[in-house]
Amino acid sequence: MSSTNDIIFIKSTAKRNGLTTLLIGTIALLLSAAMLIALPEWLFLIGIFMVSGAIVTMLIGWFKIREPEHSLSVDRERILYQHRCGQWQIAWDNIQRIDCPRVQQGLSLTPLNMVGFKLKHYDDFILAISPRLASHLIMEQRALLMHSEDKSCATGGCYSSSLFEDKPYQLADGQVVTGIKAILANRMITLRQIFGYDVFLSASELDRSPEAFVSLLRDCQQSRH
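Read on for a plain summary of the structure. (Residues numbered from 1 in each chain as written. Predicted model: local features only at pLDDT ≥ 70, side-chain atom pairs only at ≥ 80, totals over all residues. Heavy atoms only, no water.)

## Quick word on the overall build of the protein chain
For step 1, the next point in the chain: Regarding its fold elements, the protein chain presents seven helices and 12 strands.
For step 2, the next point in the chain: Residue burial in the protein chain is summarised as follows: out of 225 residues, 39% are buried.
For step 3, the next point in the chain: The long-range fraction of contacts in the protein chain, counting pairs at least 24 apart against all pairs at least 6 apart in sequence, stands at 64%.
For step 4, the next point in the chain: Of the roughly 12600 Å² of accessible surface on the protein chain, a fraction of 58% belongs to carbon and sulfur atoms. (Helix = DSSP H or I, 4+ residues; strand = E, 2+ residues; numbered from the N terminus. Buried < 20%, exposed > 50% of the residue type's maximum accessible area, 1.4 Å probe, protein only. Contact = heavy atoms within 4.5 Å. Areas by Shrake-Rupley, 256 points an atom, 1.4 Å probe, with all protein chains shown as cover.)

## Some thoughts on a nonpolar patch on the surface
For step 1, the next point in the chain: A grouping of F44, L45, I48 and F49 is seen on the molecular surface, where their side chains present a nonpolar patch of about 410 Å² in accessible area.
For step 2, the next point in the chain: Assignment of secondary structure puts L45 in helix α2 (residues 44–66).
For step 3, the next point in the chain: L45 sits in the exposed class, given a relative accessible area of 54%. (Patch = residues over 30% accessible without salt bridge, like charges linked within 9 Å, V, L, I, M, F, W, Y side chains within 5 Å. Salt bridge = Lys/Arg side-chain N within 4 Å of Asp/Glu carboxyl O.)

## Looking at helix α4 (residues 131–140)
For step 1, the next point in the chain: Those residues of α4 that fall on the buried side of the exposure criterion are L133, A134, L137 and I138. One side of α4 holds all its buried residues, which, seen down the axis, span an arc of 140 degrees.
For step 2, the next point in the chain: On its buried side, α4 packs onto β4 (78–83), β5 (86–91), α5 (142–145) and α6 (180–195). (Arc of directions from axis to C-beta.)

## Here's the deal with the sheet that holds strand β9 (residues 114–119)
For step 1, the next point in the chain: Here three strands make up an open sheet; going across it, the order is β6-β9-β12 and the pairing antiparallel. Each end of this open sheet is capped by a strand with a single partner; those strands are β6 (95–99) and β12 (199–202). Each strand axis lies, on average, 15 degrees off the axis of its neighbour in the sheet, ignoring direction.
For step 2, the next point in the chain: When β9 meets β12, the two strands line up antiparallel, connected through four bridges. The residue of β12 that forms the bridge with G116 is F200. (Pairing = 2+ DSSP bridges. Axes fitted to C-alpha atoms, helices over the stretch in contact; angles between N-to-C directions.)

## Thoughts on the pattern of salt bridges
For step 1, the next point in the chain: Counting across every chain of the model gives seven salt bridges.
For step 2, the next point in the chain: The salt bridge partner of R102 is D99, with a shortest N-O separation of 3.8 Å.
For step 3, the next point in the chain: Notably, a salt bridge pairs D198 with R192, separated by 2.7 Å at the nearest N-O pair.
For step 4, the next point in the chain: By relative accessible area, D198 is classed as buried at 0%.
For step 5, the next point in the chain: Through salt bridges that share partners, R97, D99, R102 and R218 make up one connected network.

## Focus: helix α7 (residues 210–223)
For step 1, the next point in the chain: Helix length check: α7, at 14 residues, gives a terminal C-alpha distance of 20 Å against a target of 20 Å (1.5 Å per residue), a fit within 8%.
For step 2, the next point in the chain: Where the residues of α7 are buried, they touch β2 (7–10), β3 (72–74), β4, β6, β9 and β12. (Expected span 1.5 Å × (residues − 1).)

## Focus: the pairing of β4
For step 1, the next point in the chain: Summarising the sheet, β3 and β4 pair through three bridges and their orientation is antiparallel. Within β4, the position partnered with S73 by the bridge is L80.
For step 2, the next point in the chain: Hairpin connection of β3 to β4: three residues between the antiparallel strands.
For step 3, the next point in the chain: Between β4 and β5, which follow one another and run antiparallel, lie two residues.

## Description of the packing of α4 against α6
For step 1, the next point in the chain: It is at 9 Å that the axes of α4 and α6 come closest, and there the two elements cross at 40 degrees. When the interaxial angle is binned, α4 and α6 end up oblique. Every pair of crossing elements has a handedness; the one defined by α4 and α6 is left-handed. Note on element contacts: α6 touches α4 through I180, K181, I183, L184 and R187, opposite P131, A134, S135, L137 and I138.
For step 2, the next point in the chain: Residues that form the contact of α4 with α6 fall into these classes: seven nonpolar, one polar and two charged. (Parallel < 35°, antiparallel > 145°, perpendicular 65-115°, else oblique. Left-handed = near helix turned anticlockwise from the far one by under 90°. Nonpolar A, V, L, I, M, F, W, Y, C, P; charged D, E, K, R; others polar.)

Take a look at the structure:
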């Protein structure tokens, strides 16, 4: 975390060690390629696996590097989330509640490893988000739907059709949104019914535990008053 002129920057754990991972993958690829040439024919398949593993490591490092330097910035007006697919923002005045979502497991409630935001209205969020990031969030949220109490959805199959349901969504001013943004808005409604929140942040996007981040945001929210 860093702070400049009343702006708090949060660096994602997914961003860490990107260059190191890429370097390790590159070195491993060179060594694997050299070994592949030198290995006897009966060990050729092992060499292929080593090369494949090195390429996967390089790709992981590359995707880490591609992530924005900071995943979140928090100032007096808003919370801004940045991703390689785009960004979203939530004004403090539009936040009704911030907490860690919980799911029922037996007789107890178990917190999920993420932070949830309950919004007062969706309009500003939906209009400002890029279609590319909206599509990414929809796919990412599919795992959340599997926490539904509907046992028939244990495999997640019953939600596959809702991923692409192009049901229009009407904003407060009467404007009708269609396409990927409408899918996201309707998905947010579904998630609120299940968890009580509309927007979710995974712990991998944070530099601390979700509980600690919720405490930080609550302190920021209180300081505004």
